[in-house]
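# Residue-level structure breakdown
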Amino acid sequence: MEELEGIQPNMVGACNRKPGISIFSAARFHCFHFLIMSCREKSRQAKSPDSTQCSDSRKEKRETIGRKKKEDPLKPNHAKEKPPVKETTKEKGKHLTREHSREQQTPPEKTKTQIHSSRSTSVKKPPLHRDLESQATTMRSETAKASLKTTKPKAGGKEETLTRCTKAAGKMEGAQLEEKKIDRPSGGKKETAAEKSCDTEHADKIKPKMLKTRSVSGDSVLQSTLGKLKIRAKDKSDTSKVVNDFIGNLIRHLKKETICFQDVDEPLRTGSYYENLKILDPDEFDVMLPMPVERVQVEPFRENGAFYSVALKRGNSHLMKFQQNDVLSASEMLQEFRNEVKKFAKGFPAWTIERKKGGCPAVTLAHKVGSVTISLDVVLCLKVTSSWPSFTSDGLKIDQWLGTKVKREYKWKPYYLVPKYEGRGNVENDGVLNKDVWRISFSHIEKDIIKKHGSEKTCCERGGASCCRKHCLKLLKHLLHLLKENDPSLAKFCSYHAKTTLLHACCSRTRDSDWGASDLSRCFGLLLQDFESHLRRGELYNFFIPSQNLLSGLGKTRCKHLADCVKEQRENGFPIFDAYLQNPC
């Protein structure tokens, strides 16, 4: 190198001294000059490694930017890339690791002397190793801050999600506490109007639940009571067999051994037993023995339309012997019938005839079958085939319930007159004694209505929906029976009042869905309210004769007392039924 430097001035001087030098000498001079300049440049690069050639640096920069564009076309320059605000610590570490791996995959051409320095368009950046160190330091500091300040996590991170969930749970818990009004320490502050309104609203929410619970409890009591009221099949079979045997023999006796009663018709079995409404024991039976009369004149007795005087027209009827002054005497006819029953009963010593009751149209006999004592009421009656009396024109309002066709069919059926009167028997009215009048009866129609009680023909049949009409009537009869046992002043109320209440209720609530079997508690409650309303008004009209008030002779005070008793039982969940279930005897 030193030899070349020494040659250069000599050659320059030689050229200056000899202006006529040849072309060959000039070319050799320029070659030596180029060699000397190259050696100097190399020595300078060796002495200062921080300075790099501009051409090589620009070339490497272009290659690096090209590779980044291929790998991530959305980010044209790594120098412009900034970490997102919502970037977590882990994401930063991954990003730095990825950048470092990229730099390792593309080593520079002169690894010993070249150091990459990426620059942005206007700002000069440090080399890669310094950038990595600074970002790693920043990452460690941010991690430390995140661990110390957990209450302020970065948005979009896992800590923020947990914080949001905690806040949401706190809000939900606060809402629930406010709903349930859990006592909180108020620091002795008075209850505000808003808190009072919340308490009222909460009470209104709890009240339906309490009523529902009470309804479920009441329904359970009613169902249990109905279970106790069922008649055992064996008892029912045994008693009905004894009764049917006695009635069959009695009819044969009347046809063969008597003259005035030899035209007796087939027995008409009525009453709760034959309507499947009997409760507790099969101990009461009602059987009517009809005497058909074809030509008869029926006149109303008094104004209520329930009692009539009867006169047989000319003919060959065997009942003419009981007619006096154009009036068929009910008392004379009943006495003769009673004598015949006594005569017949002598052949059946197991049957005993009870003492006659004033105004009662029946001959009552008793018989003990097993542990059950049977009471049989045999009632003599007149079967009238003429049209119904005018007092019945506004009754039997079943058009919306059972239909007008059914009502028309009932109107074509005969009606019956039984020897029953009200008041004193010797009291005379229009020349007719009370004891000689007849009371109209539609018991056969009542029996058929109870049998066909549904607005739909399939009600309570196989394949059809069940209703609770009969269940409600059974419960009302049983409630009345228990109240009468506890209070003798209610003795004049009878099961017929309960049946009439049900018939009116069925005409008010005509659809079968109004009496769903699953709504026993509600339906029975409504029926009791109907009964209370009738009692408080003192008005319960005959279902067939609207002009007859069945409560007229009982007194308003007694009716109000019974209404209060029924209301008390209804509002308190029927404690009388609970007592009966605990001690049925």
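Calculation notes
Residues numbered from 1 in each chain as written. Predicted model: local features only at pLDDT ≥ 70, side-chain atom pairs only at ≥ 80, totals over all residues. Heavy atoms only, no water. Helix = DSSP H or I, 4+ residues; strand = E, 2+ residues; numbered from the N terminus. Buried < 20%, exposed > 50% of the residue type's maximum accessible area, 1.4 Å probe, protein only. Areas by Shrake-Rupley, 256 points an atom, 1.4 Å probe, with all protein chains shown as cover. Contact = heavy atoms within 4.5 Å. Expected span 1.5 Å × (residues − 1). Core = buried A, V, L, I, M, F, W, Y, C linked by side-chain atoms within 4.5 Å. Axes fitted to C-alpha atoms, helices over the stretch in contact; angles between N-to-C directions. Parallel < 35°, antiparallel > 145°, perpendicular 65-115°, else oblique. Nonpolar A, V, L, I, M, F, W, Y, C, P; charged D, E, K, R; others polar. pLDDT = per-residue confidence, 0-100. Disulfide = S-S within 2.5 Å. Salt bridge = Lys/Arg side-chain N within 4 Å of Asp/Glu carboxyl O. Arc of directions from axis to C-beta. Left-handed = near helix turned anticlockwise from the far one by under 90°. Pairing = 2+ DSSP bridges. Phe/Tyr/Trp six-rings, centres within 6.5 Å; stacked < 30°, edge-to-face > 60°. Lys NZ or Arg CZ within 6 Å of the ring centre and 35° of its normal.

This next bit is on the overall build of the protein. Assigned secondary structure in the protein consists of 16 helices and 13 strands. When each of the 585 residues of the protein is scored for burial, the buried share is 36%. Entry remark: accessible area of the protein is about 36,600 Å², with carbon and sulfur atoms responsible for 52%.

Here serine 329 shows up in the loop between strand 6 (327-328) and helix 9 (330-345). Given the relative accessible area of 3%, serine 329 is considered buried. When neighbours within four sequence positions are excluded, serine 329 is seen to be in contact with Phe322, Asp436 and Trp438.

So, on to helix 14 (residues 520-537). Taking 1.5 Å per residue, 18 residues should reach 26 Å; helix 14 reaches 26 Å between its end C-alpha atoms and fits that length. Among the residues of helix 14, Leu520, Ser521, Cys523, Phe524, Gly525, Leu527, Leu528, Phe531, Glu532, His534 and Leu535 are the ones counted as buried. Positive backbone phi, at 70°, marks glycine 538, one or two positions downstream of helix 14.

Counting 107 residues, the largest nonpolar core has Leu382, Ile449 and Phe577 as its most contacted members. When residues in this core are grouped by element, the largest group, eight residues, is from helix 12 (residues 469-486). Setting aside residues no more than four positions away along its own chain, isoleucine 449 makes contact with Leu396, Trp401, Leu402, Tyr410, Leu503, Phe543 and Phe544.

Here arginine 469 is to be found in helix 12. Take arginine 469: its relative accessible area is 2%, and that puts it in the buried class. Not counting residues within four places of it along the chain, the set of residues in contact with arginine 469 comprises Trp401, His453, Gly454, Ser455, Cys459, Leu502, Cys506, Arg509, Thr510, Arg511, Asp512 and Trp515.

The next thing to look at is the environment of serine 495. Within the secondary structure, serine 495 is located in helix 13 (residues 495-508). Each C-alpha atom, one on serine 495 and one on histidine 481, is 8.3 Å from the other, the two residues being 14 residues apart in sequence. Not counting residues up to four positions away in its chain, the partners in contact with serine 495 are Lys477 and Leu480.

Here we take up the packing of helix 12 against helix 16 (residues 575-582). For the pair helix 12 and helix 16, interaxial distance at closest approach is 10 Å and the crossing angle is 85°. Taken together, helix 12 and helix 16 sit at an angle that is classed as roughly perpendicular. The segment helix 12 lies against helix 16, with Leu475, His478, Leu479, Leu482, Leu483 and Asn486 engaging Ile576, Phe577 and Tyr580. Split by residue class, the contact of helix 12 with helix 16 holds seven nonpolar, two polar and no charged.

Looking now at the confidence of the model for the protein. Residues at a pLDDT of 70 or more form 64% of the protein, whose mean pLDDT is 76. Ignoring residues within four places in sequence, the model shows residues 1-21, a span with pLDDT below 50, making 15 contacts including any to other chains. Note that pLDDT drops below 50 for residues 69-97; the model gives that stretch 31 contacts with residues more than four away or on any other chain.

A word on the state of the cysteines. Applying the stated criterion across every chain, the model contains zero disulfides. Free of any disulfide, cysteine 467 has its nearest neighbouring cysteine sulfur in cysteine 460, separated by 3.6 Å.

Applying the stated rule across the entire model yields 17 salt bridges. As a salt-bridge pair, aspartate 514 and arginine 511 come within 3.2 Å of each other at their nearest N and O atoms. Judged by relative accessible area, which is 17%, aspartate 514 ranks as buried. With a closest N to O distance of 2.9 Å, arginine 536 and aspartate 564 form a salt bridge. With a gap of 28 residues between them, arginine 536 in helix 14 and aspartate 564 in helix 15 (residues 556-571) connect regions that are remote in the sequence.

Moving on to helix 9. Helix length check: helix 9, at 16 residues, gives a terminal C-alpha distance of 22 Å against a target of 22 Å (1.5 Å per residue), a fit within 8%. Ala330, Met333, Leu334, Phe337, Arg338, Glu340, Val341, Phe344 and Ala345 are the residues of helix 9 that are buried. One side of helix 9 holds all its buried residues, which, seen down the axis, span an arc of 165°.

Not every positive phi belongs to a glycine, and arginine 302 is a case in point at roughly 65°. Structurally, arginine 302 can be placed in the loop between strand 3 (296-301) and strand 4 (307-312). One non-glycine residue with positive phi stands out, namely aspartate 430, at about 55°. With respect to the helices and strands, aspartate 430 occurs in the loop between strand 11 (428-429) and strand 12 (432-433). Taking relative accessible area as the criterion, aspartate 430 reaches 75% and is therefore assigned exposed.

Between helix 13 and helix 14, whose axes approach to 10 Å, the crossing angle comes to 110°. Here helix 13 lies roughly perpendicular to helix 14, going by the angle between them. Both helix 13 and helix 14 take part in a crossing whose hand is right-handed. Counting all contacts with helix 13, which are made through His497, Thr501, Leu502 and Ala505, the residues of helix 14 involved are Leu527, Asp530, Phe531 and His534.

Before going further, it helps to spend a moment on the pairing of strand 13 (residues 438-441). Each regular strand carries side chains that alternate between the two faces of the sheet. Summarising the sheet, strand 4 and strand 13 pair through two bridges and their orientation is antiparallel. In the strand pairing of strand 13, phenylalanine 307 is matched with arginine 439.

The next point concerns the environment of aspartate 564. On the basis of relative accessibility, which here comes to 33%, the residue aspartate 564 falls in the partly exposed class. Through-space distance from the C-alpha of aspartate 564 to that of arginine 536 is 9.0 Å; in sequence the pair is 28 residues apart.

Before going further, it helps to spend a moment on the packing of aromatic side chains. One pass over the structure, following the stated rule, counts 15 aromatic pairs. Measuring from centroid to centroid gives 4.6 Å for phenylalanine 246 and tryptophan 351, while their planes differ by 35°, and the two rings are tilted. Residue phenylalanine 246 is located in helix 8 (residues 233-257), and its partner tryptophan 351 is located in the loop between helix 9 and strand 7 (352-353); the two are separated by 105 residues in the primary sequence. Both residues of the pair, phenylalanine 246 and tryptophan 351, count as buried. With a centroid separation of 6.5 Å and an interplanar angle of 40°, the aromatic rings of tyrosine 415 and phenylalanine 442 are classed as tilted. With tyrosine 415 in strand 10 (residues 415-418) and phenylalanine 442 in the loop between strand 13 and helix 11 (443-451), this residue pair connects regions lying 27 residues apart in the sequence. Both residues of the pair, tyrosine 415 and phenylalanine 442, belong to the buried class. By the ring-pair criterion, three or more aromatic residues cluster together here, those being Trp388, Tyr415, Phe442, Phe543 and Phe544. Cation over ring: lysine 236 sits above tyrosine 273, and NZ or CZ is 5.7 Å from the ring centre.

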